[in-house]
Amino acid sequence: MILESGKKLGPITIAYETYGRLDKSKSNAVMVLHALSGDAHVAGFHKGDEKPGWWDDMIGPGKAFDTEKYFIICSNVIGGCKGSTGPSSLNAETGKPYGLDFPIITISDMINAQKHLIDYLEIDRLLCVVGGSMGGMQVLQWVASYPDRVLSAIPIATALKHSPQQIAFNEVGRQAVMSDPAWRGGNYYGHSQPENGLAIARMIGHITYMSDESMEKKFSRKLKNGSYNFSFTPEFEVEGYLHYRGDNFVKRFDANSYLYITKAIDYFDLSFGDKLFPNSKEIDIKFLVISFKSDWLYPSYQSREIVKLLKARHADVTYCEINSNYGHDAFLLEFTEETRLIKHFLNRVYIYAGKK
Amino acid sequence: MQEKNNKNIRLDYKIIFKIVETGSSVLDLGCGSGELLNLLIKEKKVKARGIELREGAIYECVEKGLSVFHGDIEGGLGEYPDNSFNYVILNQSMQETKKIEFVLQESLRVGRRVIIGFPNFAYIRSRFDLFFRGKAPRTPSLPYSWYESPNVHFLSLKDFKNYCKEKRINILETYYLGKNNIIRFFPNLLALNAIFVISKPGKLEPF
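Residues numbered from 1 in each chain as written. Chains lettered and ligands numbered in written order. Predicted model: local features only at pLDDT ≥ 70, side-chain atom pairs only at ≥ 80, totals over all residues.

**Here's the deal with the overall build of chain A**
Rule in force here: Numbering of helices and strands starts at the N terminus; helices are DSSP runs of H or I of at least 4 residues and strands are runs of E of at least 2. Note on method: radius of gyration uses C-alpha positions; expected globular size equals 2.2 Å times residues raised to 0.38. Here a residue counts as buried when 20 or more other C-beta atoms fall within 10 Å of its C-beta, as exposed when 12 or fewer do, and as partly exposed in between; the C-beta atoms come from the backbone. By definition, residue pairs are in contact when their C-beta atoms, positioned from the backbone, come within 7 Å.
The secondary structure content of chain A amounts to 10 helices and nine strands. Taken over C-alpha atoms, the radius of gyration comes to 20 Å for chain A, in line with the 21 Å a tight globule of 356 residues would show. In terms of its C-alpha atoms, chain A occupies a principal-axis envelope of roughly 70 × 50 × 45 Å. Relative to its 356 residues, chain A shows a buried fraction of 48%. Counting contacts in chain A only where the partners sit at least 6 residues apart, residues at least 24 apart contribute 72% of the total.

This is how it looks when you write it as structure tokens:
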């Protein structure tokens, strides 16, 4: 595959999972797109799993994405580390992991790779593409790259481009990884990965996923041992939580993937010109745009920017700002409200698709 | 609209329903739970959009299969290109908007026709309340106490007509509503509500 940067990448493996059944006309397929640290395992349990897939509340029989009715596909992005080709995969030319020889990828490259999967499954048009955060960017990229392959789109808690604030948080995360001596210029495979750096990056990430209010509710100033230690060991519950999240993350995520994917997110920009839709084209895609009130990482104004573009082009768009205290994490947690919106929206698209 | 359902439909909806042409496009500002839009889609095959501030109402709209924008009217109108809709409906929401002139101008820009419904402040009982009882008026169309009213503007039919004249806004149709009937005489005194169909100054734009 030729990448946006002009470089070549191949052969490419795409890891994906599906739920439900593809109907005879292959018109009930829904593509779920994951966020920065997500993977193809979106629902249900794998053998030995303690926790279900990352959006299990939304996907299954009778749920918003009803698997009795729809065929759900979720694939791991390229550049990732959960089965799809990424910096930790073996480079066919050298027989060693790519490391930093892996080319820089973009959101558009991720979608081009996914398009091969849809072609392989012989799906002409996806009933819906849906995702939150970076998943939402992929939703928008699907619309921009392959408008004829998409019937509806649900971008959640996302943006047409990263603001300087969002880029800044990503850069601090990347610097935390790269300044860890264990990173070894990206060539740490065969050794332990830069755990300290990656854990710090994740800790910063988690702060941005919550809100002042949700942190107050969850931790307040509670202490793990009930009184001050008068030392620098983590003693506030919020500190313990961040360490726990950081430590868990390094067990399941590749540090180089973190660098590559955050860079792809920062490069993403569909805000100028007619990048989202070519001006000449009529838009036959229905949109449901969702944001969350307390999300300060991807504030509602960024979702309204998307809506603005769509309205100017007479697109069929519904926008809802859900009143939630959970911050950016809300897209994974506020499933009651999301279900109410998505279930009916999707049903309308499904009926519309049947008439086409 | 089928006769048997006729009774359950609000009088103002009935009138707006009659005004709107089949197959046209409609933007309802302050569409609530989408009852009117739903009726217009089902019976008149309109292309419908709504703007609504209350989150709860947005869910109800989506359940009806409507496309709606969650936000205030002032912020939601700006992005639409000129003449995006055959009709912009401002029914019982104009008096609640703060930047009323902006909303009116924007509605006239975005819609070829604007259907505007509002309560008449010069209704006889309002006058009675104010003049004889010395109290802020409460009427069937202005039912709120002074401390709980969402209305920030109070106007009479005459006020609105004068405003249109001053701004050279065309008044295309007028309807004066009583509780369950149409008022034909002395509307500024006897009508609870009014519905105007207006269009921007100058020549009337064809659909």
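Once you've had a look at it, read on.
**A short note on the overall build of chain B**
Broken down by element type, chain B carries eight helices and seven strands. The C-alpha radius of gyration of chain B comes to 17 Å, within 12% of the 17 Å expected for a compact globule of 207 residues. Dimensions of chain B along its principal axes, counting C-alpha atoms only, are 50 × 40 × 35 Å. Intrachain contacts of chain B at a sequence separation of at least 6 include 60% that bridge at least 24 residues.

**Points about the pairing of strand β6 (residues 128-132) of chain A**
Both faces of the sheet carry side chains from a regular strand, because those side chains alternate between them. Residue and element names in this part refer to chain A. Here is the rule we go by: We call two strands paired when DSSP finds no fewer than two bridges between them. When the strands point away from the viewer, a crossover counts as right-handed if the path from the first strand over the helix to the second runs clockwise.
Burial runs high along β6: five of the five residues are buried. Covered by surrounding structure in β6 are C128, V130 and G132 together with V129 and G131, the residues of both alternating faces. Across four bridges, β6 lies against strand β7 (residues 152-156) in parallel orientation. If you follow G132 over to β7, its bridge partner there is I156. With helix α2 (residues 134-145) bridging β6 and its parallel neighbour β7, the resulting β-α-β unit is right-handed.

**Examining the environment of B:N170**
Residues and elements named next belong to chain B. Tracing the sequence through the fold places N170 in strand β6 (residues 170-177). Judged by the 15 C-beta atoms lying within 10 Å of it, N170 is partly exposed. Expressed as a C-alpha distance, the spacing of N170 and Q105, which sit 65 residues apart in the sequence, is 13 Å. Residue contacts for N170: discarding those within four places in its chain leaves I198, S199 and L204.

**Describing the interface of chain B and chain A**
When the parts come together, some accessible area is lost, and that loss is often what is quoted as the size of the interface. Threshold: Lys, Arg, Asp and Glu make up the charged group, whereas Ala, Val, Leu, Ile, Met, Phe, Trp, Tyr, Cys and Pro make up the nonpolar group; the residues left over, Gly among them, are polar.
Across the boundary between the two partners, chain B contributes 14 residues, which contact 17 residues of chain A. With five residues, helix α3 (residues 55-63) of chain B is the single largest residue contributor to the side of chain B that touches chain A. Across the side of chain B that touches chain A, the residue classes break down as seven nonpolar, four polar and three charged.

**Side note on unusual backbone geometry**
Residues and elements named next belong to chain A. Between G10 and the following residue, P11, the backbone shows a cis peptide bond with an omega angle of -5°. You will see that K26, though not glycine, has its phi angle at about 55°, which is positive. Residue position: K26 is located in the loop between β1 (16-19) and β2 (29-33). C-beta crowding within 10 Å serves as the criterion here: with 16 such atoms nearby, K26 is assigned to the partly exposed category.

**As for the nonpolar core**
Nonpolar side chains in soluble globular proteins tend to be buried together. Residue and element names in this part refer to chain A. The following threshold applies: For the purposes of this analysis, a nonpolar core is taken to be any set of buried Ala, Val, Leu, Ile, Met, Phe, Trp, Tyr and Cys residues that are connected through C-beta atoms within 7 Å.
Grouped together as the largest cluster of nonpolar side chains are 154 residues, with contacts concentrated most on V30 and C128. It is helix α7 (residues 255-267) that contributes the most residues to this core, seven residues altogether. Filtering out sequence-adjacent residues up to four positions away, C128 remains in contact with V30, L151, S152, A153, I154, L346 and V349.

**Notes on the packing of helix α1 (residues 11-19) of chain B against helix α2 (residues 35-44) of chain B**
Residues and elements named next belong to chain B. Selection rule: Here the axes come from fitting lines to C-alpha atoms, over the contacting stretch only for helices, and the angles between their N-to-C directions go from 0 to 180 degrees. By convention the crossing between two helices is left-handed if the near helix lies anticlockwise of the far one by an angle smaller than a right angle, and right-handed if it lies clockwise.
Remark: α1 packs on α2, axes separated minimally by 11 Å, with the N-to-C direction vectors making an angle of 40°. Of the two elements, α1 crosses α2, and the hand of that crossing is right-handed. Contacts between α1 and α2 involve Y13, I16 and F17 from the first element and L36, L39 and L40 from the second. Taken together, the residues of the contact of α1 with α2 sort by class into six nonpolar, no polar and no charged.

**Remarks on α2(B)**
Residues and elements named next belong to chain B. Applied cut-off: By definition, the arc is the one covered by directions from the helix axis to the C-beta atoms.
Those residues of α2 that fall on the buried side of the exposure criterion are L36, L37, L39 and L40. Angular distribution of buried residues about the axis of α2 spans 160°; they occupy a single face of the element. Buried residues belonging to α2 abut α1, β1 (25-29) and β2 (47-52). In the stretch just after α2, K45 is the one whose phi turns positive, near 50°.

**Overview of the domain arrangement of chain A**
All names here are of chain A. For clarity, the cut-off: Start and end points for every domain follow an automatic or database-based domain assignment.
Along its sequence, chain A is organised into domain 1 (16-162 + 270-355) and domain 2 (166-264). The straight-line distance from the C-alpha centre of domain 1 to that of domain 2 is 26 Å. Here the residues of the side of domain 1 that touches domain 2 are counted per class, giving 14 nonpolar, 12 polar and one charged.

**Concerning the environment of A:C320**
Along the polypeptide, A:C320 turns up in strand β9 (residues 316-322). As for A:C320 and A:E338, which are separated by 18 residues in sequence, their C-alpha atoms are 9.7 Å apart. Apart from residues no more than four positions distant in its own chain, A:C320 is found in contact with A:I290, A:L341, B:E55, B:I58 and B:H70.

**Describing the confidence of the model for chain B**
How we decide: Every residue carries a pLDDT, the predictor's confidence in it, which falls somewhere between 0 and 100.
On average, residues of chain B score 92 in pLDDT, and 97% of them reach the 70 mark or higher. Across the predicted assembly, pTM comes out at 0.95 and ipTM at 0.93.

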